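Observations on the model geometry
If you want the building blocks of each chain, they are given just below.
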Amino acid sequence: MSEADVIWVIRKHVEGLFPKTCNVCQRVFPDYQNYLQNTTHRGVPISYDLALGDLRPKHSSGNIALANCGCGNTLTISSAGMPLMRIWQILYWVKMESLRRGVKIEDMICYIRETVENQALNEPVLR
């Protein structure tokens, strides 16, 4: 996979998670752009698979990003529902690219999140 492929696959998956509703205040985030504009990141995205060094998990431990709703509730965006083969491809790309660039895996994951978010905020929704 190329960087553009990774970004597209992740963005397509994330945009498919909406609309999303806060379980506490019942606020509805109709799309990813609205979610990004009306939530606040909590920490860095986490890939449990990469943290465990497992690039081909039989069952993905998860890849998540947390954000706070305006009410304070923590919302999650995850890789749940993404085909396992795609997860493997992305995990491999992240690992190899972090080695190639000489950066920590979490820095690579933050770069991916930032790139996906910038695209989502500045370009039409993928269909």
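Just so it is clear, the structure is predicted and the values come from calculations on it, not from any experiment.

Examining the overall build of the chain
Secondary structure summary: the chain contains 5 helices and 5 strands in total. Its helices and strands in sequence order give the chain the pattern α-β-β-α-β-α-β-β-α-α, from N to C terminus. Relative to the 2.2 N^0.38 estimate, which gives 14 Å for 127 residues, the radius of gyration of the chain is 14 Å and therefore close to what a compact globule would have. Its C-alpha atoms put the chain at 40 × 30 × 25 Å along the principal axes. By the burial criterion, 39% of the 127 residues in the chain qualify as buried. A fraction of 61% describes how many contacts in the chain between residues 6 or more apart in sequence connect residues 24 or more apart.

What to know about empty space enclosed by the protein
Overall, the coordinates contain 1 cavity of 30 Å³ or more when judged by the stated rule. A volume near 490 Å³ is recorded for the largest cavity. Looking at the lining of the largest cavity, the elements with two or more residues in it are helix 1 (3-15), helix 2 (32-38), strand 3 (40-47), strand 4 (63-68), strand 5 (74-78), helix 4 (84-101) and helix 5 (105-122). Split by residue class, the lining of the largest cavity holds 21 nonpolar, 6 polar and 2 charged.

Some words on unusual backbone geometry
Trans is the common state for peptide bonds, and a negative phi is the common state for residues other than glycine. With an omega of 10 degrees, the peptide bond between F18 and P19 qualifies as cis. Within the secondary structure, P19 is located in the loop between helix 1 and strand 1 (20-21).

Regarding the pattern of salt bridges
A full pass over the atoms with the stated rule returns 5 salt bridges. Here E3 ties to R101 by a salt bridge, and the two come within 2.6 Å at their closest N and O atoms. Of this pair, E3 sits in helix 1 while R101 sits in helix 4, placing them 98 residues apart in sequence. The salt bridge partner of E97 is R101, with a shortest N-O separation of 2.9 Å. Here E97 pairs with R101, and both are found in helix 4, just 4 residues apart, close to one helical turn.

Details of the packing of helix 4 against helix 5
Following both chains from N to C, one finds helix 4 and helix 5 inclined at 110 degrees, their axes separated by 9 Å at the closest point. With respect to helix 5, the axis of helix 4 lies roughly perpendicular. Seen from above, helix 4 lies across helix 5 with right-handed handedness. Of the residues in helix 5, those touching helix 4 at W93, V94, K95, E97, S98 and R101 are I105, M108, I109, Y111 and I112. Across the contact of helix 4 with helix 5, the residue classes tally to 7 nonpolar, 1 polar and 3 charged.

What counts, and where the lines are drawn
- Residues numbered from 1 in each chain as written.
- Predicted model: local features only at pLDDT ≥ 70, side-chain atom pairs only at ≥ 80, totals over all residues.
- Heavy atoms only, no water.
- Helix = DSSP H or I, 4+ residues; strand = E, 2+ residues; numbered from the N terminus.
- Rg over C-alpha atoms; globule rule 2.2 N^0.38 Å.
- Buried < 20%, exposed > 50% of the residue type's maximum accessible area, 1.4 Å probe, protein only.
- Contact = heavy atoms within 4.5 Å.
- 1 Å grid on protein atoms, 1.4 Å probe; cavity = no way out; pocket = protein on both sides within 12 Å on 5 of 7 lines; lining within 4 Å.
- Points joined across faces, edges and corners; volume = space filled by probe spheres on them.
- Nonpolar A, V, L, I, M, F, W, Y, C, P; charged D, E, K, R; others polar.
- Salt bridge = Lys/Arg side-chain N within 4 Å of Asp/Glu carboxyl O.
- Axes fitted to C-alpha atoms, helices over the stretch in contact; angles between N-to-C directions.
- Parallel < 35°, antiparallel > 145°, perpendicular 65-115°, else oblique.
- Left-handed = near helix turned anticlockwise from the far one by under 90°.

Limitation: the analysis is restricted to geometry and does not speak to function.
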